[in-house]
Amino acid sequence: MKHVITLAAASLALTIGTAAAQEKLKIGMMVTLSGPSAVLGQHQRDAFNLAVKQKDGKLGGLVADVVIVDDELKPDVAVQKVQGLIERDKVDIVTGVTFSNVMMAIAKPVFESKTFLVSSNAGPSPLAGKACSPFFYSASYQNDQNHEAMGKYAQDKGFKKVVVMVPNYQAGKDSAAGFKRHFKGEIADEIYTQLGQLDFSAELAKIVAAKPDAIFTFMPGGMGVNLVKQFTQAGLSGKIPFLSAFTIDETTLPATQDAALGLFAGAQWAPGSDNPASKAFVAAFEKEYGYVPSLYAQQAYDSALLIDAAVKAAGGKVKDKEAMQKAFRTASFESVRGSFKMNTNGFPIQDFYVVKAVKRADGKYATEPVEKVFTAYGDVYAKECAIN
Amino acid sequence: MSFTLLAVQTLNGLQFGLMLFLVAAGLTLVFGVMDFINLAHGVQYMLGAYLTAVLAPHAGGFFGALALALPLTLALGLVLERIVFRPLYGRGHLDQVLATFGVILIVNEGVKLAFGAAPISVPVPDLLSGSVMLTDGLLFPVYRLAIIGAGLGTGLLLWLVIDGTKFGMLVRAGATNAPMVSALGVDVRRLFTAVTAFGAMLAGFAGAMVTPILSVEPGMGDGVLILAFVVIVVGGVGSIRGAFLAALLIGLVDTLGRSFATDILKLMVSAPTANRVGPALASMAIYVLMAGVLAVRPGGLFPSRSAG
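Residues numbered from 1 in each chain as written. Chains lettered and ligands numbered in written order. Predicted model: local features only at pLDDT ≥ 70, side-chain atom pairs only at ≥ 80, totals over all residues.

**Some details on the nonpolar core**
Step number 1: Y301(A), L20(B), A24(B), A228(B), V231(B) and A247(B) are the most contacted members of the largest nonpolar core, which has 222 residues in total.
Step number 2: Counting the residues that make up this core, at least three belong to each of domain 1 (2-141 + 275-350 + 380-384) and domain 2 (145-267) of chain A.
Step number 3: Ignoring sequence-local partners within four residues, the contact set of V231(B) consists of L20(B), A24(B), A243(B), A246(B), A247(B) and I250(B). (Core = buried A, V, L, I, M, F, W, Y, C linked by C-beta atoms within 7 Å. Buried ≥ 20, exposed ≤ 12 C-beta atoms within 10 Å, placed from the backbone. Domains from an automatic or database assignment. Contact = placed C-beta atoms within 7 Å.)

**Some words on the interface of chain A and chain B**
Step number 1: Listed by partner, the interface residues are 34 residues for chain A and 34 residues for chain B.
Step number 2: At the level of secondary structure, the elements contributing two or more residues to the side of chain A that touches chain B comprise α2 (38-54), β8 (186-193), α8 (201-210), α9 (222-233) and α10 (253-256) of chain A.
Step number 3: For the side of chain A that touches chain B, the element with the most residues is α8(A), which contributes 7 residues.
Step number 4: Classifying every residue of the side of chain A that touches chain B by side-chain character gives 13 nonpolar, 15 polar and 6 charged. (Helix = DSSP H or I, 4+ residues; strand = E, 2+ residues; numbered from the N terminus. Nonpolar A, V, L, I, M, F, W, Y, C, P; charged D, E, K, R; others polar.)

**A closer look at helix α5 (residues 142-164) of chain B**
Step number 1: Along its 23 residues, α5(B) runs 32 Å from first to last C-alpha, staying within 8% of the 33 Å computed at 1.5 Å per residue.
Step number 2: Those residues of α5(B) that fall on the buried side of the exposure criterion are Y143(B), R144(B), I147(B), G151(B), T154(B), G155(B) and L158(B). (Expected span 1.5 Å × (residues − 1).)

**What to know about the sheet that holds β8(A)**
Residue and element names in this part refer to chain A.
Step number 1: Read across the sheet, 4 strands follow the order β8-β7-β9-β10 without closing on themselves; strand pairing throughout is parallel. Looking at strand neighbours, the two that pair on one side only are β8 and β10 (242-244), the edges of this open sheet. Strand-to-strand twist of the sheet, defined as the mean angle between neighbouring strand axes without regard to direction, takes the value 20 degrees.
Step number 2: Bridging between strand β7 (residues 161-167) and β8 involves 7 bridges; their strand directions are parallel. When the bridges of β8 are listed, M165 appears paired with I191. (Pairing = 2+ DSSP bridges. Axes fitted to C-alpha atoms, helices over the stretch in contact; angles between N-to-C directions.)

**Description of the environment of G130(B)**
All names here are of chain B.
Step number 1: Looking at where G130 falls in the secondary structure, it is placed in the loop between α4 (93-115) and β1 (131-135).
Step number 2: In this structure G130 comes out as partly exposed when scored by C-beta crowding, with 13 C-beta atoms within 10 Å.
Step number 3: For the pair G130 and F140, spaced 10 residues apart in sequence, the C-alpha to C-alpha distance is 8.8 Å.

**Digging into the domain arrangement of chain A**
In many analyses, interface size is given as the accessible surface area lost on bringing the parts together.
Residues and elements named next belong to chain A.
Step number 1: Along its sequence, chain A is carved into domain 1 (2-141 + 275-350 + 380-384) and domain 2 (145-267).
Step number 2: Counting residues at the interface gives 12 residues for domain 1 and 9 residues for domain 2.
Step number 3: Mapped by element, the contributors of at least two residues to the side of domain 1 that touches domain 2 are α2 and α12 (295-313).
Step number 4: Sort the elements by how many residues they give to the side of domain 1 that touches domain 2 and α2 lands first, with 3 residues.
Step number 5: Of the residues in the side of domain 1 that touches domain 2, the class split is 8 nonpolar, 4 polar and no charged.

**Remarks on the packing of helix α9 (residues 240-268) of chain B against helix α10 (residues 271-296) of chain B**
All names here are of chain B.
Step number 1: Where α9 meets α10, the closest approach of the two axes is 8 Å, and the angle between their N-to-C directions is 160 degrees. Classified by the angle between their axes, α9 and α10 sit roughly antiparallel to one another. Remark: the crossing between α9 and α10 carries right-handed chirality. Between α9 and α10, the contacting residues are I250, V253, D254, G257, R258, A261, T262, L265 and K266 on the first element and A271, A274, N275, V277, G278, P279, L281, A282, A285, I286 and L289 on the second.
Step number 2: Its residues assigned to classes, the contact of α9 with α10 comprises 13 nonpolar, 4 polar and 3 charged. (Parallel < 35°, antiparallel > 145°, perpendicular 65-115°, else oblique. Left-handed = near helix turned anticlockwise from the far one by under 90°.)

**As for unusual backbone geometry**
In most cases, non-glycine residues show a negative phi, while peptide bonds are predominantly trans.
Residues and elements named next belong to chain A.
Step number 1: You will see that E72, though not glycine, has its phi angle at about 55 degrees, which is positive.
Step number 2: Of note, the phi angle at K211 is positive, near 45 degrees, even though the residue is not glycine.
Step number 3: Checked against the element boundaries, K211 lands in the loop between α8 and β9 (214-217).

**Quick look at the sheet that holds strand β3 (residues 62-70) of chain A**
Residues and elements named next belong to chain A.
Step number 1: Taken in spatial order, the 6 strands of this open sheet run β2-β3-β1-β4-β5-β6, and their pairing is mixed. On the outer flanks of this sheet lie β2 (58-59) and β6 (136-138), each paired with one strand and no other.
Step number 2: Across 4 bridges, the pairing between strand β4 (residues 93-96) and strand β5 (residues 116-119) is parallel. Note that in β5 the partner of I93 across the bridge is F116.
Step number 3: Where helix α3 (residues 75-87) meets the sheet, its contacts fall on β1 (24-31), β3 and β4, and the angle it forms with β1 comes to roughly 175 degrees.

**Regarding the confidence of the model for chain B**
All names here are of chain B.
Step number 1: Of the residues in chain B, 97% have a pLDDT of 70 or more, and the chain-wide mean is 88.
Step number 2: When the elements of chain B are averaged for pLDDT, β1 gives the smallest value, 76, and helix α2 (residues 41-55) the largest, 95.
Step number 3: Here the predicted complex carries an ipTM of 0.83, next to a pTM of 0.85. (pLDDT = per-residue confidence, 0-100.)

**Description of the pairing of β4(A)**
Side chains on a regular strand alternate between the two faces of the sheet.
Residues and elements named next belong to chain A.
Step number 1: The two faces of β4 match: I93 and T95 on one face and V94 and G96 on the other face are all buried.
Step number 2: Bridge count between β1 and β4: 4 bridges; the pairing is parallel. Each bridged residue has a counterpart across the sheet, and for G28 the counterpart in β4 is V94.
Step number 3: In this view, the connection linking β4 to its parallel neighbour β5 by way of helix α4 (residues 100-112) has right-handed handedness. (Right-handed = clockwise from strand over helix to strand, strands pointing away.)

Given below as structure tokens:
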């Protein structure tokens, strides 16, 4: 008799457990929250939390249970933690991911467990092409695109001679290649700097000696802050157009301040973007956190909106993988960036802009769009992706 | 490659070298006198930068903040010496490395908690904000001249103190043979405390000086620390004169390597190959230099520790 009761109690508990699980949406957010790049992860985390809060703690009508983990920018740590998310926390969706090397490390275990991966930043080319997966969806961009936008802009402006300066590692080389895809003029010099370089005076002297029409650079994080300060202090701001990707944004502007004014970057969105969804997002974000959101924040916010729309379209059946895949592909939501359409490889088809750093009327620094470079632009790797 | 460009790059190299000297000076004193490996020197540099950045708006600008940052970093050095370093003097280098590495982790995270993960800004002080025309279109910021001045000034001051005062004599003696100094009746513990605090203040001064040109962010001291170790190893541990010359040498080798390695290679091999090999060679240059110096002079350029 005792056994029967225990059994009954256990099965009751199980039923309750399943019922509760069905009403909940478990999301694991993995972002970089330690080390020099922690600020990028912070923007992503804050924006995602804001979206969940605005929807009363629910995404797609289900109570969203968000577990946030720090990948420490270490691929091996990230793999361990993502396995914890999948096996222990039993998440339905993994989102976030700040850096591409972390993304490449966790993609395989996540796909193998048939868990959805929604990127709010990293967009490495293999995942857009040959290694694409029906479990991967991006609410950000493919890594090449912001660089391509700057190359196209340089071409459209009629610049004849450009110096390219990037750090000497894979992402730097990809950046230079992305810039050159649409820029057909002369590359006067290609300068490869050390990762984490402090002082750029030698490079700046070389750039001046080359007399270019513009420079293109990709210097994420503190390197970019150092470069921008030193570029302006050397009196080059306003003389040589400064085109960049992931160098001038709201994560570095608080440190560069006036030194970055008038410098350009390529992006799919800026806080100055003129559409109602964007304005509402920027206002709500600044009210909640007291700082200006960057594109990293915008992408994480859109990730939450994308998940919300997909879960809703699938009727809340997050365990039905096929329904969810279809829902992610066709999900429609009001993206903060304006136009957003899912490509066959799970990456967005969207517009790209050249944006400029400005000082707003309230004294804060932010970027705003100057002109549109690409309209409804998909990445070049989509044709290599065999999902369709 | 014109002569003016070479001259400009030499000046850049000297400037970078003097910046490294500011950081390395305190490190070499502490390592030399106490045989103590202080990885926390990098965070002392970072604290100097943060104090300057945070205090600047309240202390009437950069100079006021600098004046406050110096005694504060000195005090922090005293605190760190008392609670972390002192129990470790008799221990091996590995224990010291582990403990001070722990300090790096704690302080980096602490700074992030206190001031946020985003880099913060310090404008160039008005007094030093101009620039001088070097070549057509290239300006050399006056602030960089100020760094050259600060580096030279610090070098001169240290030389006067180390070579001309009783404290300096004890520091030199301690670097050569600390047990003997102790046997002669000098309170080595007080000497150690003074040197550590002074070293922390030098690190803080270096951190404060770079705030207008470099990004002030958590972990900013980590990369600098490695360069500073290269400088003191090349210069000879414990020798200020060695650190000064080694810093200039490394600043020049690094800057000239970055400027010209790729161009020189282009004369010999195809441009894509040069673009691939040049930057790699340039970033290796200072470590090759260090290996070369150590092969010829295992104690560095100016060894101060007595053999055995």
